[in-house]
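As a plain string of letters, each chain reads:
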Amino acid sequence: MSTTQYTSESRGQYSAKAYSATGSTSPLAPTVIPRRNPGDHDVQIEILFCGICHSDLHQVRNEWSVMPTVYPCIPGHEIVGRVTKVGSAVTKFKPGDLAAVGCLVDSDGSCPDCQTGLEQFCPKLTLTYNLSQVDSNL
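What you are looking at is a predicted structure, and each value in this text was computed from that prediction instead of being measured.

The rules behind the values
- Residues numbered from 1 in each chain as written.
- Predicted model: local features only at pLDDT ≥ 70, side-chain atom pairs only at ≥ 80, totals over all residues.
- Heavy atoms only, no water.
- Salt bridge = Lys/Arg side-chain N within 4 Å of Asp/Glu carboxyl O.
- Buried < 20%, exposed > 50% of the residue type's maximum accessible area, 1.4 Å probe, protein only.
- pLDDT = per-residue confidence, 0-100.
- Helix = DSSP H or I, 4+ residues; strand = E, 2+ residues; numbered from the N terminus.
- Contact = heavy atoms within 4.5 Å.
- Pairing = 2+ DSSP bridges.
- Axes fitted to C-alpha atoms, helices over the stretch in contact; angles between N-to-C directions.
- Polar contact = N/O pair within 3.5 Å; in protein donor to acceptor, adjacent residues only side chain to side chain.
- Core = buried A, V, L, I, M, F, W, Y, C linked by side-chain atoms within 4.5 Å.

Participant: I keep staring at the pattern of salt bridges and nothing clicks. Help me out?
Facilitator: Two side chains carrying opposite charge are able to pair once their charged atoms lie near each other. Throughout the structure, instances matching the rule amount to two salt bridges. The salt bridge partner of Asp42 is Arg36, with a shortest N-O separation of 2.6 Å. Arg36 sits in the buried class, given a relative accessible area of 7%. The partner of Asp97 in a salt bridge is Lys94, and the shortest N-O contact between them spans 3.0 Å. Residue Lys94 is classed as exposed on the basis of its relative accessible area of 52%.

Participant: Is there a simple way to think about the confidence of the model for the protein in this case?
Facilitator: Low pLDDT means the predicted atomic positions in that stretch should not be read closely. Here the protein averages 83 in pLDDT, and 86% of its residues register 70 or above. Summarising per-element confidence for the protein, the mean pLDDT is lowest in strand E9 (residues 131-132) (56) and highest in helix H2 (residues 112-115) (94). Within the model, pLDDT remains below 50 along residues 1-9, and this stretch shows 21 contacts once partners closer than five positions in the same chain are excluded. Scored below 50 in pLDDT, residues 133-138 makes 29 contacts in the model with residues more than four places away or belonging to other chains.

Participant: When you look at the environment of Val43 in this model, what are you seeing that I'm missing?
Facilitator: Assignment of secondary structure puts Val43 in strand E3 (residues 43-51). In the structure, Val43 is positioned 43 residues away from Val86 in sequence and 4.6 Å away in space, judged by C-alpha atoms. When neighbours within four sequence positions are excluded, Val43 is seen to be in contact with Val83, Lys85, Val86, Val90 and Phe93.

Participant: Where do I start with the sheet that holds strand E6 (residues 98-101) in this structure?
Facilitator: Where strands meet in a sheet, backbone hydrogen bonds hold them as pairs that are either parallel or antiparallel. Across the sheet, three strands lie side by side as E3-E5-E6; this open sheet has antiparallel pairing. Every interior strand has two partners, whereas the edge strands, E3 and E6, have only one. Ignoring strand direction, the axes of neighbouring strands in this sheet form an average angle of 35 degrees.

Participant: What's the story with the side chain of Asp56 in this structure? I'm lost.
Facilitator: Looking at the secondary structure, you find Asp56 in helix H1 (residues 54-60). Polar side-chain contacts of Asp56 include one of 3.1 Å to the backbone nitrogen of Gly76. The residues contacting Asp56, other than those within four sequence positions of it, are Gly51, Pro75, Gly76, His77 and Tyr129.

Participant: Would you mind going over the environment of Ala21 with me for this structure?
Facilitator: Looking at the element boundaries, Ala21 is found in the loop between strand E1 (13-20) and strand E2 (29-36). With 54 residues separating them in the primary sequence, Ala21 and Pro75 have C-alpha atoms 8.2 Å apart. If we ignore the near neighbours within four places in the chain, the residues touching Ala21 are Ser26, Pro27, Leu28, Val60, Tyr71, Pro72 and Cys73.

Participant: Where do I start with the nonpolar core in this structure?
Facilitator: Note on soluble globular proteins: their nonpolar side chains tend to be buried together. Leu104, Cys111, Cys114, Cys122, Leu125 and Leu127 together form the largest nonpolar core, which totals six residues. Ignoring sequence-local partners within four residues, the contact set of Cys111 consists of Cys122 and Pro123.

Participant: In this structure, what is going on with the environment of Leu48? I would like to understand it.
Facilitator: Relative to the helices and strands, Leu48 resides in strand E3. A relative accessible area of 36% means that Leu48 is categorised as partly exposed. Remark: the alpha-carbon pair of Leu48 and Leu98, spanning 50 residues in sequence, is separated by 9.5 Å. If we ignore the near neighbours within four places in the chain, the residues touching Leu48 are Val80, Gly81, Arg82 and Leu98.

Participant: Can you walk me through unusual backbone geometry in this structure?
Facilitator: Glycine aside, negative phi is the norm for most residues, and most peptide bonds take the trans geometry. For the bond from Tyr71 to Pro72, the omega torsion is 0 degrees, close enough to zero to count as cis. Locating Pro72 in the fold gives a position in the loop between H1 and strand E4 (73-74). At Asn62, a residue that is not glycine, the phi angle is positive and equals roughly 55 degrees. Summarising the element assignment, Asn62 is placed in the loop between H1 and E4. Assessed through its relative accessible area of 38%, Asn62 is described here as partly exposed.

Right, dumping it as structure tokens:
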């Protein structure tokens, strides 16, 4: 499965703190990663809490052959935070609101899978698994 990639250069970047694994047997360690600035339809959040579940552990340990891990890997796809910025087209959130992020974002809402409530199969979705320092999609 592929994910949508955006170029950070077109919007600029900021630095964010994270924890990453550099290999399948390495411990998580603090790091700083580049993130792209939010676009018109984006919500930027300050992460307050992040869950690490069994699927994150499988991903960090490179135990899924169908989705090989890209290192350094930043686990944690169950996120709750406070909105810090919203894009000009965002209408449902404002700075200061609480927001949550699940294991996928950016489903198109219009394909047959989305229309039947199966957005996890949308060909245009972006998974929040296996983030790396070079990803610019979130």
